[in-house]
Amino acid sequence: MKKANAIQICGTGSGVGKSVIVAGLCRIFLQDGFNVCPFKAQNMSLNSFVTKEQGEIGRAQAAQAEACRIEPNVDMNPILIKPTSDTGSQIIVRGKPIGNMKASEYIKHKKNLKSVVKGSFDR
């Protein structure tokens, strides 16, 4: 099987338009005949979307999937961080909550999630 090419869109802050740009590029590439799929390894957002398999992902990735004309799934956003306070968040991995963590706890735990993210990206 041929490995898919990937491009990365970066920005210097939140709310600068990365998600909208990605959705637009997804639709353009689709219209140009490419098979496209959004992916964001880790997203911090309170705006979430529930997939058909009842998993929770970032709303932006669901909108990008719509631009690709594909069904949103948990592999498009394997780690969703939903803030619960100034220092803590609910951590959602592949659509399911694994618990609440302080930022310092998550930084230590994050290395354990590398294989989850890689698996989602590969799928």
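Residues numbered from 1 in each chain as written. Predicted model: local features only at pLDDT ≥ 70, side-chain atom pairs only at ≥ 80, totals over all residues. Heavy atoms only, no water.

Undergrad: How should I be thinking about the side chain of Lys82 in this particular structure?
TA: By the secondary structure assignment, Lys82 is in strand β4 (residues 79-83). Among residues more than four places away in sequence, those in contact with Lys82 are Ser45, Leu46, Ser48, Glu56, Ser89, Gln90 and Ile92. (Helix = DSSP H or I, 4+ residues; strand = E, 2+ residues; numbered from the N terminus. Contact = heavy atoms within 4.5 Å.)

Undergrad: Explanation requested: the environment of Ile57 in the structure shown.
TA: Along the chain, Ile57 falls in strand β3 (residues 56-58). According to the relative accessible area criterion, Ile57 is buried, its value standing at 0%. Spatially, the C-alpha atom of Ile57 lies 20 Å from that of Cys10, the residues being 47 residues apart in sequence. Once residues within four sequence positions are removed from consideration, Ile57 is found in contact with Asn47, Ser48, Phe49, Thr51, Ala62, Pro72, Asn73, Val74, Asn77 and Leu80. (Buried < 20%, exposed > 50% of the residue type's maximum accessible area, 1.4 Å probe, protein only.)

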